[in-house]
Amino acid sequence: MNGRTNYSKETKCAILRAVFHVINADNKITEEENKYFINLAMKYDNDPSIIDYALKTMNDDEMLRLLDDVPLKELGEILENAAKADGEISITEMKTIIGIETSTPSAKQEMDKYDTLLRKYGIF
């Protein structure tokens, strides 16, 4: 199990929502993946309402905005550990991880910067 616990409750919910997207990417959540998710949620906050907020109240735009507060390396480790909780990472789970990591506002800003450079030099 990994993941700091000193994030805001909202950021913890964003991490949990991202983990759920990853473990559900292949439309099957194994017992091991479910256990990882529940253990992470209880590590973050011993109140089960954190799961309700993460999955039912928070939307994906809010999730991505809040994930900007999590270092990319740490976020990647959390999401990869969730995906491999059942012993394997499916291609769909890996694509979901990459999609989440590249969709945060700061990641989009960084990609826009490189797109601008590529266009400036006629490469793109």
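Scroll up a little and you will see the structure.
Residues numbered from 1 in each chain as written. Predicted model: local features only at pLDDT ≥ 70, side-chain atom pairs only at ≥ 80, totals over all residues. Heavy atoms only, no water.

1. Side note on the side chain of Thr104
Stage number 1. Here Thr104 shows up in the loop between α6 (91-101) and α7 (105-120).
Stage number 2. Classification of Thr104 as buried rests on a relative accessible area of 6%.
Stage number 3. If we skip the residues at most four places from it in the chain, Thr104 touches Leu64, Leu67 and Asp68. (Helix = DSSP H or I, 4+ residues; strand = E, 2+ residues; numbered from the N terminus. Buried < 20%, exposed > 50% of the residue type's maximum accessible area, 1.4 Å probe, protein only. Contact = heavy atoms within 4.5 Å.)

2. Brief notes about the pattern of salt bridges
Stage number 1. For the structure on display, the rule yields 5 salt bridges.
Stage number 2. For Asp52, the salt bridge identified is with Lys56, shortest N-O distance 3.7 Å. Here Lys56 and Asp52 lie together in helix α3 (residues 49-57), a separation of 4 residues that amounts to about one turn.
Stage number 3. Its relative accessible area of 40% is what places Asp52 among the partly exposed residues. (Salt bridge = Lys/Arg side-chain N within 4 Å of Asp/Glu carboxyl O.)

3. Things to note about the packing of helix α1 (residues 9-23) against helix α2 (residues 31-44)
Stage number 1. Between α1 and α2, whose axes approach to 10 Å, the crossing angle comes to 180 degrees. The orientation of α1 with respect to α2, classified from their angle, is roughly antiparallel. Two secondary-structure elements touch here, α1 through Lys12, Ile15, Leu16, Val19, Phe20 and Ile23 and α2 through Glu33, Tyr36, Phe37, Leu40, Ala41 and Tyr44.
Stage number 2. Residues belonging to the contact of α1 with α2 are distributed by class as follows: 10 nonpolar, no polar and 2 charged. (Axes fitted to C-alpha atoms, helices over the stretch in contact; angles between N-to-C directions. Parallel < 35°, antiparallel > 145°, perpendicular 65-115°, else oblique. Nonpolar A, V, L, I, M, F, W, Y, C, P; charged D, E, K, R; others polar.)

4. Here we look at α3
Stage number 1. Within α3 the residues assigned to the buried category are Ile50, Ile51 and Ala54. Mapping the buried residues of α3 onto a view down its axis gives an arc of 100 degrees, with all of them on the same face. Pointing more than 90 degrees away from the buried face of α3 are the exposed residues Lys56 and Thr57.
Stage number 2. Buried residues along α3 sit against α1 and α2. (Arc of directions from axis to C-beta.)

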